[in-house]
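Chains, contacts and geometry: an overview
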Amino acid sequence: MASITFKHVTKTYDNKVTVVPDLNLEIKDKEFIVLVGPSGCGKSTTLRMIAGLEDISSGDLYIGDKRVNDVQPKDRDIAMVFQNYALYPHMTVYRNMAYALELRRTPKDEIRRKVEEAAKILELTKFLDRKPKELSGGQRQRVALGRAMVRDPAVFLLDEPLSNLDAKLRTEMRAQISALHRRLETTFVYVTHDQTEAMTMGDRIVVMRDGEIFQVDTPQNLFDRPDNIFVAGFIGSPQMNFMDAVVERAGDGFEVVGAMGRIPLPNPELADYVGKDVVVGIRPEDFHEEQEYLDAAPSAIIDAQVDLSELMGSEVYVYFTVGERRHIARISSRLDIHAGDTVRIAPELDHVHVFDKETEKAICHGAAK
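Right, let's walk through the structure included here. No experiment lies behind these values; they were computed from the predicted model shown.

Considered as a void within the structure, the largest pocket measures approximately 560 Å³ in volume. The wall of the largest pocket is formed by 21 residues, among which Ile78, Ala79, Met80, Ala100 and Arg151 lie closest to the centre. Listed by contribution, the elements that provide at least two residues to the lining of the largest pocket are β6 (78–81), α2 (93–103) and α4 (137–149). Its residues assigned to classes, the lining of the largest pocket shows 16 nonpolar, 1 polar and 4 charged. Its boundaries defined by the atoms lining it, the second largest pocket holds a volume of some 230 Å³. Surrounding the second largest pocket, 13 residues form its lining, Glu117, Met149, Val150, Asp152 and Leu184 being those nearest its centre. Contributions of two or more residues to the lining of the second largest pocket are made by α3 (108–121) and α5 (167–184).

Time to look at the nonpolar core. Residues Met97, Val115, Leu145, Leu158, Ile177, Tyr190 and Val207 are the most contacted members of the largest nonpolar core, which totals 45 residues. With sequence-adjacent residues up to four places away left out, Val207 is seen in contact with Val36, Glu212, Ile213, Phe214, Gln215, Leu222, Phe230, Val231, Phe234 and Ile235. Listed in part, the 34 residues of the second largest apolar core include Ile263, Val280, Phe320 and Cys364.

Below, the discussion takes up α2. Considered for burial, the residues of α2 that qualify are Val93, Tyr94, Asn96, Met97, Ala98 and Leu101. As for α2, its buried residues are in contact with α3 and α4. Residue Arg105 follows α2 closely and has a positive phi angle near 60°.

Time to look at the side chain of His353. Within the secondary structure, His353 sits in strand β20 (residues 352–356). Polar contacts involving the side chain of His353 include one to the side chain of His365, which spans 2.8 Å. The contacts of His353, once residues within four sequence positions are left out, are Phe223, Asp224, Pro226, Met240, Val279, Val280, Gly281, Cys364 and His365.

Below, the discussion takes up the pattern of salt bridges. Tallying each qualifying case throughout the model produces 20 salt bridges. Residue Glu248 pairs with Arg262 through a salt bridge whose shortest N-O separation is 2.5 Å. Of this pair, Glu248 sits in strand β11 (residues 241–250) while Arg262 sits in strand β13 (residues 261–264), and the two are 14 residues apart along the sequence. Looking at Arg262, the relative accessible area reads 34%, which means it is partly exposed. Because the salt bridges share partners, they merge into one network encompassing Lys11, Arg48 and Glu54.

Across a sheet, strands are paired by hydrogen bonds formed along the backbone, either parallel or antiparallel in direction. The 5 strands are arranged β15-β19-β16-β17-β18 in an open sheet whose pairing can be described as antiparallel. Looking at which strands have only one partner, the edges of the open sheet turn out to be β15 (287–288) and β18 (325–332). Relative to strand β19 (residues 342–347), β15 is paired through 2 bridges, and the arrangement is antiparallel. Considered in β19, the bridge of His288 is made with Ala346.

Criteria and cut-off values
- Residues numbered from 1 in each chain as written.
- Predicted model: local features only at pLDDT ≥ 70, side-chain atom pairs only at ≥ 80, totals over all residues.
- Heavy atoms only, no water.
- 1 Å grid on protein atoms, 1.4 Å probe; cavity = no way out; pocket = protein on both sides within 12 Å on 5 of 7 lines; lining within 4 Å.
- Points joined across faces, edges and corners; volume = space filled by probe spheres on them.
- Helix = DSSP H or I, 4+ residues; strand = E, 2+ residues; numbered from the N terminus.
- Nonpolar A, V, L, I, M, F, W, Y, C, P; charged D, E, K, R; others polar.
- Core = buried A, V, L, I, M, F, W, Y, C linked by side-chain atoms within 4.5 Å.
- Buried < 20%, exposed > 50% of the residue type's maximum accessible area, 1.4 Å probe, protein only.
- Contact = heavy atoms within 4.5 Å.
- Polar contact = N/O pair within 3.5 Å; in protein donor to acceptor, adjacent residues only side chain to side chain.
- Salt bridge = Lys/Arg side-chain N within 4 Å of Asp/Glu carboxyl O.
- Pairing = 2+ DSSP bridges.

Structure (structure tokens):
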């Protein structure tokens, strides 16, 4: 049993700076959970509290059924993989992976079995006699993973392990780490500032800012149903477009009216907001040029004059200005679009998000409840 539970955990440093004010979180046994957020949001501090590398100022931390506030790191049955790999440069790959077991006085036959098994899984068998300086960045990262694997920990902690790799290697290592989690069936807690890593790897994602949790959910729910403006803007690339609007009645339904026109949203959640200011969010991929979308929302059609276009292969990013804000649409590259052109687009109504302007919390997602 390797669940992890934070109960009203706080972290305050000696200079009286509180980086985690009140953390409550339940991580399930065998779950792959990702902590994500901007720099300084408290995600690495949270991970280090699990590891025992940071003291807890108040509250309770449990691994399984055991309160571990005062338990030494070596007794927590965790293994941590760091951003900089932390390999011993004078040792071979084999010794780097075996060293923790040697310190435990594990029998040599068992050490060899575990190291060779981990090396086979991570495709490191032919590198066991090499030193870290003879390896690529991706190979060094796999050695760091193997060193953690051989200990059979109840919990894997990974602190931005891919940030030093190039884009191609990051993609390969994401797939390897996800496959490793499925194979080991162990609890993984992964810290990153890269939302692509978070979205592609996590069973659930914890979105943090200023030491607080803003939403915990599956990747798809975070994308489709963000709880607030911060999550909506943080998850998704390019990020969501935002615009100010006012809710008005329109027959039996409602419209949100702003610089982008009148967007019909017959959603009963808007009933209490008639006449009030709101914020409308539309993701770049939810603007469309196809006729079916133009017909569905003729009052929300935008004749967007293109400020800039970026060809991304199968699609093109179109930047345009409405009112005082620049927005972006992500549409098919079959349209030959350049700066100065005008493109006619409309939002997909089922994917229009409306937020309370004061609290920044979500009111509704789409045309129907």
